[in-house]
Structure formats: C-alpha cells, structure tokens
Amino acid sequence: GFYYDVSSFSVHPQNPDSVMFEVTEVSIYDSVDHIVINEIENKYLYLRFPVNVGYEIFNTNKFSFYARAGLVFSVLVWKDEPEVILPANDIDLISIEQTYPGRISTSLQFTVGAIFIYQFSKKAGLTLEPMYMRYIVSLYKQGFDYSDTRPYSIGLRTGIYVKF
C-alpha cells in the first residue's frame, strides 16, 4: 500500500482562502507476521504380536461364548513423517514448530474381549467379537503434551469361520 506524506504547504496566490499541499507518495511495506499452518499426514506401520488367554463360558450345539484377555506387543517397522513444503519461493522462514507428538518404537497394549459364535453346521459359523484395547504406557515420546496420554480403542469384529 501507500500513503501521502505532506512535505510542505502554502497559501494559494490567487485565492488566499485556499491552501496548497505538496505531497509525496510513500510506499508501505507489510510488516505484519504471517503464520502458515500446514496439515501433514504422518503414517506409521506397526508389526503386532498378540498373546491371548481365553476361557469357554458355555458351549451348546448352536451357540458358544468365550471370554479372552491378553497383551499385544507392537514394533514400529515403518514411518512416513514428511517435511513441511513452503507454498512460495519468496518467503523468509523464521521457524518451524513441530506440534505433533513423536511416536515410540515399541509399545504394549492390554486387550479384553468376548467371542460369540453361532454355528450353522459343525464346520461353519458366524462370529461376533467385541473388544477393548488400551496402551499400558503412552504411545507418544516424553516431552510432548500427549506423553501421559494412553490411547484406547473399542472395536467389533465379525466374520464367518470354516473348520477344515
């Protein structure tokens, strides 16, 4: 942008009630801080090793019900945390702040669930498995706001099984 700077003024010679201004145009440069927020999608791949213990609560010809609990050990095998890409070349970078928490490379989760089975025949059936899983220690590295957070999940698996 710009503004007009008054460098001098004088009374108009033919009209003493008028004032003449001598002005120069002064450019204004933007001095306001701009903040750009880029959302980056990080991707992680974990190899999971579950160990479960189950107990048969009841079993009939058509229906079965089991309870189970266990641990899942996870190992981070691949991650993709892309760098920030600036939108233009005429930007002076002052700072980049990492606001997402870092991930730990190994984790341990506790799981508990149930298995309901409806058998069509002796060799096939439908399963319904509600489950709950919670991290025993935080999934995130220490030093971040989320380092005390222990994520949990609630899920439901269904399927058809066939015995060979």
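So, a few notes on the structure that sits alongside this text. (Residues numbered from 1 in each chain as written. Predicted model: local features only at pLDDT ≥ 70, side-chain atom pairs only at ≥ 80, totals over all residues. Heavy atoms only, no water.)

## Quick notes on the packing of aromatic side chains
For any pair of aromatic rings, the description rests on two quantities: the centre-to-centre distance and the angle between the ring planes.
Working step 1: Summed over all chains, the structure comprises seven aromatic pairs.
Working step 2: Clustering of aromatic rings is evident, with ring pairs tying together Phe58, Phe65 and Phe116. (Phe/Tyr/Trp six-rings, centres within 6.5 Å; stacked < 30°, edge-to-face > 60°.)

## Considerations on the side chain of Glu129
Working step 1: Here Glu129 lies in strand S6 (residues 124–135).
Working step 2: If we ignore the near neighbours within four places in the chain, the residues touching Glu129 are Arg68, Ala114, Ile115, Gly155, Leu156 and Arg157. (Helix = DSSP H or I, 4+ residues; strand = E, 2+ residues; numbered from the N terminus. Contact = heavy atoms within 4.5 Å.)

## Let's talk about the sheet that holds strand S5 (residues 106–119)
Sheet strands line up and pair through hydrogen bonds in the backbone, either parallel or antiparallel.
Working step 1: The strand order across the open sheet formed by five strands is S3-S4-S5-S6-S7, and the pairing between neighbours is antiparallel. Because the sheet does not close on itself, it has two edges, and the strands there are strand S3 (43–59) and strand S7 (152–162). The sheet shows a mean angle of 20 degrees between the axes of neighbouring strands, direction not considered.
Working step 2: Pairing of S6 with S7, which is carried by 11 bridges, proceeds in the antiparallel orientation. Across the sheet, the residue bridging to Glu129 is Arg157, located in S7. (Pairing = 2+ DSSP bridges. Axes fitted to C-alpha atoms, helices over the stretch in contact; angles between N-to-C directions.)

## Side note on the pattern of salt bridges
Working step 1: One pass over the structure, following the stated rule, counts two salt bridges.
Working step 2: For the salt bridge of Arg68 with Glu129, the shortest nitrogen-to-oxygen distance reads 3.7 Å. Here Arg68, found in strand S4 (residues 63–80), pairs with Glu129, found in strand S6; they are 61 residues apart in sequence, far enough to count as distant. You'll find Arg68 and Glu129 in the same group, each marked buried.
Working step 3: Taking the shortest distance from any N to any O, the salt bridge between Arg157 and Glu129 comes out at 2.8 Å. In this pair, Arg157 is assigned in strand S7 and Glu129 in strand S6, connecting sequence segments 28 residues apart. (Salt bridge = Lys/Arg side-chain N within 4 Å of Asp/Glu carboxyl O. Buried < 20%, exposed > 50% of the residue type's maximum accessible area, 1.4 Å probe, protein only.)

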